[in-house]
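These are the residues of each chain, in order.
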Amino acid sequence: MSDELSVPVSFDAFMAILVVVAITIAVRYWLHVKKRKRMREKFIKPYNSSDLRTSPYTIGSVYRVVNKNGGQLSVVSIWHSDGPVTDGKEYQVEASHLVPFDHDRFVSGY
């Protein structure tokens, strides 16, 4: 009974199917990365890069500097991990705890 349901597939046909699947996965991944970069670029465009800081400890967090007072910064979180923060609270942090914003690293997502 199992012989009736099986369909003989040549090695060349099997390899062709694998190549098509691999190319499809690669193209979908490329489109996903491109979409993510466009989204990040569109999000960060209205902000002045000199007013932004990132955390060296929490990868993917971006903060907007609201006020500078000596060695203290008042910051608001605008991006965390993979999405914008809509209700960012204002925090007081030491200026040495944050590093300058790197636009290229943010857009690439790494």
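The structure displayed is predicted, hence computed values, not measured ones.

**Quick look at the packing of aromatic side chains**
Tallied over the entire structure, the rule returns four aromatic pairs. Ring geometry for Trp79 against Phe106: centres 5.2 Å apart, planes inclined by 80 degrees, an arrangement best described as edge-to-face. With Trp79 in strand 3 (residues 72-80) and Phe106 in helix 3 (residues 103-108), this pair connects stretches of sequence that are 27 residues apart. Comparing Trp79 with Phe106, the two get one shared label, buried. Centre to centre, the rings of Phe101 and Phe106 are 5.6 Å apart; their planes meet at 55 degrees, and the pair counts as tilted. Under the relative-accessibility criterion, Phe106 is labelled buried at 6%.

**Some details on the confidence of the model for the protein**
When the pLDDT values of the protein are averaged, the result is 88; 95% of them are 70 or greater. The element-level mean pLDDT for the protein is lowest in helix 1 (residues 2-5), coming to 63, with helix 2 (residues 11-44) highest at 94.

**Let's talk about the nonpolar core**
Of all hydrophobic cores here, the largest spans nine residues; its members are Phe43, Ile44, Leu52, Val62, Ile78, Trp79, Phe101, Phe106 and Val107. Counting residues per element, the ones that place at least two in this core are helix 2, strand 3 and helix 3. For Leu52, the residues in contact, after removing those within four places along its chain, are Ile44, Tyr47, Val62, Tyr63, Arg64, Ile78, Pro100 and Phe101. Counting five residues, the second-largest nonpolar core is a separate cluster that includes Tyr63, Leu73, Val75 and Leu98.

Definitions and cut-offs
Residues numbered from 1 in each chain as written. Predicted model: local features only at pLDDT ≥ 70, side-chain atom pairs only at ≥ 80, totals over all residues. Heavy atoms only, no water. Phe/Tyr/Trp six-rings, centres within 6.5 Å; stacked < 30°, edge-to-face > 60°. Helix = DSSP H or I, 4+ residues; strand = E, 2+ residues; numbered from the N terminus. Buried < 20%, exposed > 50% of the residue type's maximum accessible area, 1.4 Å probe, protein only. pLDDT = per-residue confidence, 0-100. Core = buried A, V, L, I, M, F, W, Y, C linked by side-chain atoms within 4.5 Å. Contact = heavy atoms within 4.5 Å.

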